[in-house]
Amino acid sequence: MKKIAFILIAAGLLASSCKNQKKENMQEQNPLLAEWNTPYGAPPFDKIKVAHFQPAIEEAIKIKEAEIDSIVNNPAEPDFKNTIAALSYSGSLLDKIVLTFFNLSGTINDDEFQKAETVISTILTKHSDDVSMNAQLFERIKNVYDKKASLNLNPEESHLLETTYKHFVRNGAALSKEDQDKLRKINEELSSMETLFGQNLLSETNAFDLTIDKKEDLAGLPETSVSSAEQTAKEKGQEGKWIFTLQNPSVIPFLQYADNRALREKIWTAWTNRANHDNDKDNKTVLAKIASLRFQKAQLLGYATFADYVLEERMAKNPKNVYDLLNKLWTPALANAKKELSELQKIMDKNRKAEKMEAWDWRYYTEKLRKEKYDLDEEAIKPYLSLTNVQNGIFEVSNKLYGITFTQIKDVPIYYPDVTVWDAKDENGKHLGILYMDFYARASKSGGAWCTSFRDQCKKGDGSNVEPIVSIVFNYPKPVSDQPVLLSIDETQTFFHEFGHALHALFSNVTYRNDVPRDFVELPSQIMENWSMEPEVLKMYAKHYKTGEPMPDALIEKIQKMSKFDQGFGTTEYLAASILDMDYHVLKSAENVKVPEFETRSMTKIGLIKQIPPRYRSTYFAHVFGGGYAAGYYSYIWSAWLDADAFQAFKEKGNIFDKETATKFRNEILSKSGSMDAMQMYLNFRGKQPSVDALLERRGLK
C-alpha cells in the first residue's frame, strides 16, 4: 500500500510539475500572461501581438473558473467576504487582458483584429453565461442576499450585494436549465451580430472617398480642410488631388463650407447611407436580427420589452420616464428647428430662389447665417483653439477645480506612435493614475470620440490601491506640415467632454468595481463642457497659435451671444436619434423589423422635418447596435438635465472655480464611481432634486 501511495504521490507531483512547467512556458511565450513589469503596470504594447490574445484569454478564463470553484466549494457558511467580495476580486487577469484587447480593437481595427474579435467575443459570451448561470454560485449569493438585513454592511458593500444578486437574476441564474440554454444561444448570436454591425460600419466608412481633381470644386472650403484633404490624397497615392472621407473631421467641414452643392449632396448621401446597401456590408438585416434577439432575451427573462429590461438598472427606471423627458424637450426643440429652417431658407433664397433647403444644405447655410447674424466665422475662432492650447486649458481647468496635475511621461509602452501618456497626480503629489491620449483619425480606428480604461481603480484584497490606467480617444485630423491641429468649438467641447470621463475614472476611490448607470455616467463628462466656452476660461487658454495673442474680448462676446444658436437643429437631431433607439427597444414582437419603413414611421410619428435626419440613422447607429447604449442613447440628454443643474451650483456661488463646490462634486460624484445609488449621489451633492429649467434655458428652449 505504501509503495502504491508513493507512486500516486510521485505521479501527482510529476503532474503538478508538468503543469507548472507548462504555465511558465506559456508565460514566457505570451506577454499577456506574464507579469507586466512595465512602468505603472501598463500593458506591454511593444511585445503584444494579436495572436497572443485568444490563448491568453482562454488561460485567464481557466484561472477565473478556478477562483470561482474555490468560492463555490468553500465549506464555510456563505457571507459577504467569502462570496460577494471574493467574486468581485476574481478574474483580475482576465479583466486586464480583455480591456486591453477591446481597447486595441477599437483603435487598430485591422483585418487580423476583426477576425480575432469575432472569435473572442463568442468565447467571452460563453464564459459570462457560464458564470451567471452557475447554480451553486448563485445559491451562495442568494444565501447572502436573503440575510442582508442582518449583515451590518456599509453602503458600498450593501450596494455591491444588491447589484451582484440582480446581475445574476437578470442574466438567467433563476431560469430553468431549458431556458438557460435558450438564453445562451441568444447571447451568443447577439454577440456575433453586434460585432458584425460595428465591423460593417467601419468598412463602409472607409470604403467611400470623395476625390476632387479640380481646384474650383474646393471653393468655400477653409485652408485647413483643403490641406488635410491634400495630405489624405497623398497618403492614398493620389498626389495632386484632394480626398474627403466620411470621418467626421473631413465630412462635416465639407458640408459646412463647400460651395459646390452637388458635391455636398454626394458626400452627405454617402455619409447618411453607410451600411444601408444591399451588399455584404448591409446592416439592415443585422439590425433586424439584433432587435429580434433582444426582445426574445427580455421576454425570456420576464420583461415586457428590452427597454424595460435595460432601464430597470438605470436612473430612468422605465420607458415612460424616458419618453416623458424626451417629449418634454421635443416640442420646443422642433419649434426652434422650424424657425431656424425658415431663416436658412431666406439666406438660400438670395442666390437660389427657386430651390428648397435640403439636409445637405443645413450646415452650409447655418454657417452663412452665423456670419450674418453674429458676424462670426467659425474659421476665425479656430486659430485660437489649437489642440495644444485646448489641452493646456483643460489641464489648467482641472487643476483650478481639483488641484490635479498632468506630466507627460515617455518611458511607458504605447500602442501607436501618435499616442501620448500622462502621469496624473493629486494636489498633494500622490499618483492617481496614468492617462493615454490618442488624438488623430486613421482608417483602422473606429469613428467618434470616447473614454475607456486599460485598468479600473479598486482596492485589492489586502486593502492596497489599484491605480487606474485611463485612455481618451479622438478622431481629429492629423497636423499638416508645420500647422497645428485647429479645433472647432464642437471639437473643443468634445475634448472637455471626454476629459470629464477621464477625471471620473482617475478620481474613483472605491473598494469594489461596480458599473455606473449609463444615464449617470455622462454627468461627469458633460459638466466639463460648461467650462470650455466660459469667458474666464477662454482667456486662460484660447491664444492664437501664431502670435500667442489671447482671443479678443469682441470674439469671446460673439461666442457667448451665439451659444444658443442652431440649438433647435442640434437638440432635434439628437432627440430624434434617442426616440428612434427607444422605439426599436419597446417593440413587443420578435418579428424581423423592416428597417427603412420602421425608421420612417418612427420619425414621421414625431413630425421630424426632412431637412434634419436623426443624428444617427439606423444602419450606422453604433452606440445602440454595436455598443452599450441600447435603449440608452437618451442618456446624454438625461445627463444634460443633471449637468445643467449641477453647473448652477457653481454659478450660484458666483465663482465657476469655487473650491468648496468642486470638492463636494469630487467627493460625492466622481470618487464614488458606481458604489451607490446614482440619484442619491446627486442629492448628496446638490441637496435637492435637479430642475429641467436650467437645461431649457441653456438651449434657448424656453
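Here the residue index of a chain counts from 1 through its sequence in written order. Given that this is a predicted model, residues contribute local features only at a pLDDT of at least 70 and side-chain atom pairs are listed and counted only at 80 or more, while totals for whole chains, interfaces and linings are drawn from all residues. Excluding hydrogens and water, the side-chain values take into account all heavy atoms of the structure.

Got a minute to help me understand the packing of aromatic side chains in this structure?
Between 30 and 60 degrees the pair is tilted, below 30 it is stacked and above 60 it is edge-to-face, where a pair is any two Phe, Tyr or Trp rings, Trp via its six-membered ring, whose centres lie within 6.5 Å. Inspection of the entire model under this criterion finds 52 aromatic pairs. Aromatic side chains Phe 101 and Phe 113 sit 5.6 Å apart centroid to centroid with 45 degrees between the ring planes, which places their arrangement in the tilted category. Here Phe 101 is found in helix α4 (residues 92–107), whereas its partner Phe 113 is found in helix α5 (residues 111–132), with 12 residues between them in sequence. To sort residues, take the accessible area from a 1.4 Å probe on protein chains only and compare it with the maximum for the residue type: under 20% means buried, over 50% means exposed, and anything in between is partly exposed. For Phe 113, a relative accessible area of 5% corresponds to the buried category. For the pair Phe 395 and Phe 406, a centre-to-centre distance of 4.9 Å together with 15 degrees between the ring planes defines the contact as stacked. Taken together, the residues Phe 395 in helix α17 (residues 387–402) and Phe 406 in strand β3 (residues 405–409) connect sequence positions 11 residues apart. Summarising the burial analysis for this pair, Phe 395 and Phe 406 share the class buried. An aromatic cluster of at least three residues, connected via ring pairs, comprises Phe 395, Phe 406, Trp 422, Phe 439, Tyr 440, Phe 474, Tyr 476, Phe 495 and Phe 499. For a ring to carry a charge above it, either NZ of a lysine or CZ of an arginine must fall within 6 Å of the ring centroid while also lying within 35 degrees of the normal to the ring plane. Here the guanidinium or amino end of Lys 400 rests over the ring plane of Phe 657, the centre of that ring lying 5.0 Å away. What counts as a helix is a DSSP run of H or I of at least four residues, what counts as a strand is a run of E of at least two, and both are numbered from the N terminus.

Please explain helix α2 (residues 50–72) as it appears in this structure.
Helical geometry: 3.6 residues make up each α-helical turn, so side chains three or four residues apart lie on a common side. Under the convention used throughout, the expected extent of a helix is 1.5 Å for every residue step, that is, one less than its residue count. Compared with the 33 Å implied by 1.5 Å per residue over 23 residues, the 34 Å span of α2 between its first and last C-alpha is a close match. When α2 is considered as a whole, its buried residues turn out to be Val 50, His 52, Phe 53, Ala 56, Ile 57, Glu 59, Ala 60, Ile 61, Lys 64, Ile 68, Ile 71 and Val 72.

Help me out: how do you make sense of the sheet that holds strand β9 (residues 469–476) in this one?
Each strand in a sheet pairs with another by means of backbone hydrogen bonds, the pair being arranged parallel or else antiparallel. Strand order across the open sheet formed by five strands is β3-β4-β5-β9-β6, with mixed pairing between neighbours. Here the strands that pair on one side only, and so sit at the sheet edges, are β3 and β6 (450–455). Averaged over all adjacent pairs, the angle separating strand axes in this sheet is 30 degrees, with direction ignored. Across the sheet, α17 lies against β3, β4 (420–425), β5 (431–440) and β9, angled at about 155 degrees from β5, the strand it touches most. In this analysis, strands are considered paired if DSSP registers two or more bridges between them. Axes here mean lines fitted to C-alpha atoms, for a helix over just the part in contact, with angles spanning 0 to 180 degrees between N-to-C directions. The contact criterion used is simple: two residues touch if any of their non-hydrogen atoms lie within 4.5 Å.

Can you walk me through the side chain of Asp 282 in this structure?
Mapped onto the fold, Asp 282 is located in the loop between α11 (261–271) and α12 (284–300). Pairs of N or O atoms within 3.5 Å make up the polar contacts considered here, provided that, within protein, one atom can donate a hydrogen while the other can accept it, and that residues adjacent in sequence are counted only when both atoms are side-chain atoms. Looking at Asp 282, its side chain comes within polar contact range of the main-chain nitrogen of Lys 284, at 3.1 Å. Every residue in contact with Asp 282, bar those within four places of it in the chain, is listed here: Asn 200, Ala 275, Asn 276 and His 277.

Would you explain the state of the cysteines in this entry?
Here a disulfide denotes one covalent bond, and it connects the sulfur atoms of two cysteines. A pair of sulfur atoms, both from cysteines and within 2.5 Å, is called a disulfide here. Overall, the coordinates contain zero disulfides when judged by the stated rule. In this structure Cys 451 is not part of a disulfide, and its nearest cysteine sulfur, from Cys 458, lies 17 Å away.

Any chance you could explain the layout of surface pockets here in plain terms?
To find leftover empty space, a probe the size of one water molecule is rolled over the atoms. Points on a 1 Å grid, built from protein atoms alone, make a cavity when a 1.4 Å probe fits but cannot get out and make a pocket when they are open with protein on both sides within 12 Å along at least 5 of 7 lines; residues with an atom within 4 Å of a point are the lining residues. Grid points are joined across faces, edges and corners, and a volume is the space filled by probe spheres set on the points. In this structure, the second largest pocket spans a volume of roughly 900 Å³. In this structure, the second largest pocket is lined by 40 residues; those nearest its centre are Ser 228, Thr 232, Ala 441, Pro 477 and Lys 478. Of all elements in the fold, only α8 (177–207), α9 (223–235), β2 (242–245) and α10 (248–257) reach the threshold of two or more residues within the lining of the second largest pocket. For the lining of the second largest pocket, the element with the most residues is α9, which contributes nine residues. In this classification, Asp, Glu, Lys and Arg are treated as charged, Ala, Val, Leu, Ile, Met, Phe, Trp, Tyr, Cys and Pro as nonpolar, and every other residue, Gly included, as polar. Of the residues contributing to the lining of the second largest pocket, the split by class is 16 nonpolar, 14 polar and 10 charged.

Is there a simple way to think about the environment of Met 540 in this case?
Structurally, the position occupied by Met 540 is in helix α21 (residues 535–541). Distance from Met 540 to Arg 617, taken between C-alpha atoms, is 38 Å for residues 77 residues apart in sequence. Apart from residues no more than four positions distant in its own chain, Met 540 is found in contact with Glu 396, Val 397, Lys 400 and Phe 657.

Looking at this model, I keep getting lost on empty space enclosed by the protein. Mind explaining?
One pass over the structure, following the stated rule, counts one cavity of 30 Å³ or more. In this model, the largest cavity occupies a volume close to 30 Å³. Lining the largest cavity, in full, are Asn 103, Thr 107, Tyr 415, Trp 450, Thr 452, Phe 454, Ser 471 and Val 473. Secondary structure elements with two or more residues in the lining of the largest cavity: α4, β6 and β9. Tallied by class, residues from the lining of the largest cavity come to four nonpolar, four polar and no charged.

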